[in-house]
Amino acid sequence: MSSPRLEKITPDNVLAACAIAIRPDQEGLVAPVARSLAEAYAQPAVAWPRLIIDGDRPMGFLMGFLDVPWRPDDDPTDVRSGLWRLNIAADEQGKGYGRFAVQALAEELRQRGCTRLTVTWVPGDHGPERFYRQLGFRLTGETSGDQVVGELDL
């Protein structure tokens, strides 16, 4: 890993973003990049999609979410921002790109005045819980569908 950076998704890099493939054992745990980009297109006010680049090579994809009402029926004041998707290319995992991406998103959210970063994940043997816990996320005790909720204080 030299000096990775996040880049906006553009017509010039959208195909490279869509070509990012995770490990086969992770496919049921995170949506493909193409689905994330469709969701970002449908919800541009809350989606923050970025390509993770090192040199000129795409290493992964990150999509943050911004100012989402978390439980609008129970608590309309609970508005959160955080990590919506993280896809690191199968052969690039374990090299620090995921850590870089989460830290870059945390910095973006800090600059926007956020005090916490929320993430959800599917629990299980091949899931990302260990990764997120090593970054300092703590379980909140909440669930979102079939996923658990973690938070990182910023």
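One can find the structure itself at the top, above this paragraph.
### Here we look at the nonpolar core
Counting 25 residues, the largest nonpolar core has Ile52, Leu62, Leu83, Leu86, Leu117, Tyr132 and Phe137 as its most contacted members. With 8 residues, helix 3 (residues 97-111) is the largest single contributor of residues to this core. Those residues in contact with Tyr132 that sit more than four places away from it in its chain are Leu83, Leu86, Val102, Val119, Trp121 and Phe137.

### Topic: the side chain of Arg85
Within the secondary structure, Arg85 sits in strand 4 (residues 75-88). At 2.8 Å, the side chain of Arg85 forms a polar contact with the side chain of Ser36.

### Some words on the layout of surface pockets
In this structure, the largest pocket occupies an estimated 1100 Å³ of space. Val30, Leu86, Trp121, Pro128 and Tyr132 are the residues nearest the centre of the largest pocket, which is lined by 43 residues in total. Take the lining of the largest pocket: its biggest share by element is 6 residues, from strand 4. Counted by class, the lining of the largest pocket contains 20 nonpolar, 14 polar and 9 charged residues.

What counts, and where the lines are drawn
- Residues numbered from 1 in each chain as written.
- Predicted model: local features only at pLDDT ≥ 70, side-chain atom pairs only at ≥ 80, totals over all residues.
- Heavy atoms only, no water.
- Core = buried A, V, L, I, M, F, W, Y, C linked by side-chain atoms within 4.5 Å.
- Buried < 20%, exposed > 50% of the residue type's maximum accessible area, 1.4 Å probe, protein only.
- Helix = DSSP H or I, 4+ residues; strand = E, 2+ residues; numbered from the N terminus.
- Contact = heavy atoms within 4.5 Å.
- Polar contact = N/O pair within 3.5 Å; in protein donor to acceptor, adjacent residues only side chain to side chain.
- 1 Å grid on protein atoms, 1.4 Å probe; cavity = no way out; pocket = protein on both sides within 12 Å on 5 of 7 lines; lining within 4 Å.
- Points joined across faces, edges and corners; volume = space filled by probe spheres on them.
- Nonpolar A, V, L, I, M, F, W, Y, C, P; charged D, E, K, R; others polar.

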